[in-house]
Amino acid sequence: MPSDQVTKAQISVAANKYAYKLMRERKDGTLGSLFINRSERYKVGGFMIAKSYPTKGFALRPFIHCTAEPEAPHLSAEGRRWVAVRIVGPYARMEYRGKTWLLANQVQIMEKL
């Protein structure tokens, strides 16, 4: 997402907001990020904390990207799984590619869908 759009995002401090995240599902059942810091493993019930991982070929996006609905038509679902997440603390809400995106600093993985 263009960085100037993040500054135009609507900030919310609502606690326990639920959202969705598309993740890579490994053969052992653990989950991982799609593109950045792919080696990190997560389990249902675990927390993801946003950190900055500069990666060649990708824009720097120091937030966890979630969607309001389990839809992201521009991303392939092959080898991936939607999970429900609970956003912990403040988050930004913005519209991009016709969808509502939620940018969080921390999320808890609640369940695989």
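None of the values given here were measured: they were computed from a predicted structure.

## Structural notes on the confidence of the model for the chain
Taken over all residues, the pLDDT of the chain has a mean of 86, while the share at 70 or more is 87%. Here residues 1–7 scores under 50 on pLDDT; set against residues more than four positions off or in separate chains, the count is 13 contacts.

## Focus: the nonpolar core
By size, the foremost hydrophobic cluster in this structure holds 15 residues, and its most contacted members are Met-23, Met-48, Cys-66, Val-85, Ile-87, Val-107 and Ile-109. In terms of residue count, the dominant contributor to this core is strand 6 (residues 80–87) (three residues). With residues up to four places along the chain from it excluded, the contact list for Cys-66 reads Ala-19, Tyr-20, Val-85, Thr-100, Trp-101, Leu-102 and Val-107.

## Thoughts on unusual backbone geometry
One non-glycine residue, Asn-37, lies in the positive phi region at around 55°. One can find Asn-37 in the loop between strand 3 (31–32) and strand 4 (47–49).

## Quick word on the pairing of strand 2 (residues 17–25)
Sheet topology note: the strand 2/strand 6 ladder contains eight bridges and is antiparallel. Opposite Lys-17, over in strand 6, you have Ile-87 as the bridge partner. Where strand 2 meets strand 3, two bridges bridge the pair, whose relative direction is antiparallel. When the sheet's bridge partners are listed, Glu-25 is paired in strand 3 with Leu-31. Once strand 2 ends, the chain turns through five residues before running back antiparallel as strand 3, passing Gly-29 with a positive phi of about 90°.

Rules of the game
Throughout, residues of each chain are indexed from 1 in the direction in which the sequence is written. Reporting in this predicted model follows two pLDDT cut-offs: at least 70 for local features of residues, and 80 or more for side-chain atom pairs to be given and counted; totals over whole chains, interfaces and linings ignore these cut-offs and use all residues. As a rule here, side-chain values come from all non-hydrogen atoms in the structure, and water together with hydrogens is ignored. The pLDDT value expresses, per residue, how confident the predictor is, ranging between 0 and 100. Throughout, a residue-residue contact means that at least one pair of heavy atoms, one from each residue, lies within 4.5 Å. Only buried Ala, Val, Leu, Ile, Met, Phe, Trp, Tyr and Cys residues count toward a nonpolar core, and they belong to the same one when joined by side-chain atoms within 4.5 Å. Burial status follows relative accessibility: with a 1.4 Å probe on protein chains alone, a residue under 20% of its type maximum counts as buried, one over 50% as exposed, and anything between as partly exposed. Per the convention used, a helix needs a DSSP run of H or I reaching at least four residues, while a strand needs a run of E reaching at least two, with both numbered from the N terminus. The pairing criterion for strands is at least two bridges between them, as found by DSSP.

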